[in-house]
Amino acid sequence: MVRILRLAEMTPQDLSALKRRAELNIEQALSIAKEVIDQIRQRGDAALIEYVRKFDYAGAELENLKVSEQEFADARESIEPEIKSALHQAFVNIKEVHQRQMPEEIQLAEIDSGIFAGEKVTPIASAGLYVPRGKGAFPSVMLMLTIPAKVAGVSKIIVCTPSDKNGKVEPASLVAAEMAGVKDIYRLGGIQAIAAMALGTGTVPKVDKITGPCNVYGSAAKRILYGTVDVGLPAGPSESIILADEHTDPQIAALDLLVEAEHGPESAALLVTHDESLALKAAKYVAEYLTKLPDWRREFCEKGLSSYGGILLTRSLEESLDFVNDYAPEHLEVLVKEPFSVLGKIKNAGEILLGPYTPIPVSNYCLGVNAILPTGGFARSYSAVSVFDFLKRAGIGYLTPEGFAKLKHTTQTLATYEGFAAHAMAIQEREGLLD
Ligand SMILES: NC(=O)c1ccc[n+]([C@@H]2O[C@H](COP(=O)([O-])OP(=O)(O)OC[C@H]3O[C@@H](n4cnc5c(N)ncnc54)[C@H](O)[C@@H]3O)[C@@H](O)[C@H]2O)c1
Ligand SMILES: N[C@H](CO)Cc1c[nH]c[nH+]1
Ligand SMILES: [Zn+2]
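Conventions and cut-offs
Residues numbered from 1 in each chain as written. Chains lettered and ligands numbered in written order. Predicted model: local features only at pLDDT ≥ 70, side-chain atom pairs only at ≥ 80, totals over all residues. Heavy atoms only, no water. UniProt positions renumbered as here; feature names shortened; annotations may be inferred. Pairing = 2+ DSSP bridges. Helix = DSSP H or I, 4+ residues; strand = E, 2+ residues; numbered from the N terminus. Axes fitted to C-alpha atoms, helices over the stretch in contact; angles between N-to-C directions. Contact = heavy atoms within 4.5 Å. Near = heavy atom within 4 Å. Polar contact = N/O pair within 3.5 Å; in protein donor to acceptor, adjacent residues only side chain to side chain. Areas by Shrake-Rupley, 256 points an atom, 1.4 Å probe, with all protein chains shown as cover. Nonpolar A, V, L, I, M, F, W, Y, C, P; charged D, E, K, R; others polar. Buried < 20%, exposed > 50% of the residue type's maximum accessible area, 1.4 Å probe, protein only. Domains from an automatic or database assignment. Phe/Tyr/Trp six-rings, centres within 6.5 Å; stacked < 30°, edge-to-face > 60°. Lys NZ or Arg CZ within 6 Å of the ring centre and 35° of its normal.

Labelled according to an unreviewed UniProt entry, the protein appears under the name histidinol dehydrogenase, originating from Scytonema hofmannii PCC 7110. Per its UniProt entry, the protein bears the Function (unreviewed entry) comment "Catalyzes the sequential NAD-dependent oxidations of L-histidinol to L-histidinaldehyde and then to L-histidine." The protein has a UniProt comment under Sequence similarities (unreviewed entry) that states "Belongs to the histidinol dehydrogenase family."

Below is the structure:
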């Protein structure tokens, strides 16, 4: 039976454990990550291949870390047409959404006569994308990362994704990468993948930015390498809140609670409602639906729901909304009667899916919005992966003689006040030079 937690009766310690989820339990992974990163930093490829053999594929060789043209061809051959067309529909929607995100390359406005200010948007030169593969295949993640990077115009895009124990890279992920126009794929996973892309080795190029979801090992590596390279948003174990009221169908609430719970034992999936009758009915259906899952997925759900998730009973919709904003879930599904009426009150969530026809799996795959989202409470300040992850903005300015005349006194005054004599002099002396 899925646990039902009453918010009003929880101790501050229980509440804080619930909000912490699994993301912060990375002490042991941090010490492994430190060793692997140090070794790859010192010995490059020689250490890299040792760790690939140790953690992923015993037969790995440096020469075949990069996926070959033949493997792409084999993947194309082996994938069922139905999978290809599903990937294609997802590709089209995701591309459409991300193309609409693209800002103008140059925005320059005359904010006062003779004073032009704005910004210039430029893609980053290189990006290293991480597509996980431990507890599932993730061609959808391949699309969610490669498409925004491509649309943004990144010229050097590489992908790391772990192989299986026989060295095989997941074929649908290769087809997805090819669809997006990305061919530089390395069969590398976990810490060693993140370290290789951050530091560069003879075989794997160093990139300007790494992004992509991963388990606790990859997350530990990113934490250590923060400062060496831009490691993107914190995207760890999947998590969700299903927000429900007395009008929600308990079967739909139960089904959707299990969606993100099945990702792994660290996943945090919560059904938050103020309606006790709904909570009890949903709990009954959760037990029923759990029996329909394969054993390993059921075990993930049971573990996560009893440690990081479950059903949370509040005293009102307002209290539920306060909890949602405090928790800042990765995925939020709003199943209350009037979902648009609460939209304005939701401040912190990686994505907000409205109504019973917009379940999380559709957005995970093909709605078009990006499903790579901040976890661990970071939806408070981070956003979903988008083209903006791969773009940077430089301020641009231009002054006419009139504009300069308007600003010179203010500039000199502030420069003098701050004690920057050269700053003030560059303005003062310029006057005689510019006629
Ligand atoms: N936030 C998001 O947007 C989002 C999206 C998709 C998936 N996810 C999450 O990403 C995670 C993916 O994790 P995963 O495990 O499926 O794939 P993964 O690719 O992150 O992990 C596999 C790698 O872990 C490493 N590893 C495993 N055991 C190890 C050990 N004992 N020591 C050192 N390294 C070890 C291996 O090198 C392997 O390559 C899941 O938690 C999932 O919920 C998040
Ligand atoms: N729920 C994941 C993001 O947390 C995305 C995904 C891909 N496939 C299945 N789910
Ligand atoms: Zn999912």
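Enquirer: Let's hear about the sheet that holds strand S6 (residues 185–187): which residues, and what values?
Expert: Reading across the sheet, the 4 strands line up as S6-S5-S4-S7 and stay open at both edges, with parallel pairing between neighbours. Two strands lie at the open edges of the sheet, namely S6 and strand S7 (209–211), each paired on one side alone. Each strand of the sheet is rotated relative to its neighbour by a mean of 20 degrees, with strand direction disregarded. As paired strands, strand S5 (residues 156–161) and S6 are joined by 3 bridges and run parallel to one another. By the bridge assignment for S6, Cys160 is matched with Tyr186.

Enquirer: Summarise unusual backbone geometry; cite the residues concerned and give the values.
Expert: Phi at Ala328 takes a positive value of approximately 55 degrees, unusual for a residue other than glycine. Inspection of the secondary structure assignment puts Ala328 in the loop between helix H13 (317–327) and strand S11 (331–334).

Enquirer: I'd like a description of the sheet that holds strand S2 (residues 106–112), backed by residues and values.
Expert: Strand order in the open sheet formed by 3 strands is S2-S3-S13, and the pairing between neighbours is antiparallel. Every other strand in the sheet has two partners, leaving S2 and strand S13 (391–399) as the edge strands with one partner each. Direction aside, the axes of adjacent strands within the sheet are offset by 20 degrees on average. Relative to S13, strand S3 (residues 115–123) runs antiparallel, the two being bridged by 9 bridges. By the bridge assignment for S13, Glu119 is matched with Gly395. Helix H16 (residues 401–418) contacts S2, S3 and S13 of the sheet and is inclined by roughly 95 degrees relative to S13.

Enquirer: Provide a residue-level description of the site of ligand 2, including the pertinent values.
Expert: Surrounding ligand 2, one finds Phe138, Ser140, Ser238, Glu260, His263, Glu330, His331, Asn364, Tyr365 and Ala371. Within the contact set of ligand 2, an oxygen atom lies 3.0 Å away from a side-chain nitrogen or oxygen of Ser238. One of the side-chain nitrogen or oxygen atoms of His263 is found 3.1 Å away from a nitrogen atom of ligand 2. Burial of ligand 2 by the protein chains amounts to 90% of its free accessible area of 290 Å². The class makeup of the residues in the shell around ligand 2 is 3 nonpolar, 5 polar and 2 charged.

Enquirer: Account for the environment of Lys54, with residues named and values stated.
Expert: Its location among the elements puts Lys54 in helix H3 (residues 45–55). Overall, Lys54 belongs to the exposed group, its relative accessible area being 57%. Spatially, the C-alpha atoms of Lys54 and Ile352 are 40 Å apart, while their sequence positions differ by 298 residues.

Enquirer: Please provide a residue-by-residue account of the UniProt feature "active site" (unreviewed entry) in the protein, values included.
Expert: Here the UniProt feature "active site" (unreviewed entry) sits at Glu330 and His331. Among the structural elements, Glu330 can be located in the loop between H13 and S11. A distance of 3.2 Å separates a polar atom in the side chain of Glu330 from a polar atom in the side chain of His331. Residues contacting His331, with those up to four places away along its chain left out, are Glu239, Ser240, Ile241, Glu260, Glu351, Ile360, Asn364, Ala371 and Leu373. Side-chain polar atoms of His331 contact the side chain of Glu260, separated by 3.2 Å.

Enquirer: Please give an account of the site of ligand 1 that cites residues and values.
Expert: Taken together, 26 residues are adjacent to ligand 1, and Asp56, Tyr130, Lys135, Asn215 and Ser238 come closest. With respect to ligand 1, the backbone of Gly134 contributes an N or O atom lying 3.2 Å from an oxygen atom. Here an oxygen atom of ligand 1 and a side-chain polar atom of Lys135 are 2.8 Å apart. Contact with the protein chains covers 88% of the free accessible surface of ligand 1, which is 870 Å². Taken together, the residues of the shell around ligand 1 sort by class into 13 nonpolar, 9 polar and 4 charged. Shared between two domains, the shell around ligand 1 takes at least three residues from each, and those domains are domain 1 (4–23 + 236–368) and domain 2 (26–104 + 122–225).

Enquirer: Can you lay out the packing of aromatic side chains for me, pointing to particular residues and giving the numbers?
Expert: All chains considered together, the criterion is met by 6 aromatic pairs. On the numbers, 5.8 Å between centres and 50 degrees between planes, the contact of Phe116 with Tyr398 is tilted. Residue Phe116 is found in strand S3, and its partner Tyr398 is found in strand S13; the two are separated by 282 residues along the sequence. The exposure class of Tyr398 is partly exposed, given its relative accessible area of 48%. Between the NZ or CZ atom of Arg21 and the centre of the ring of Tyr327, over which it lies, the distance is 3.6 Å.

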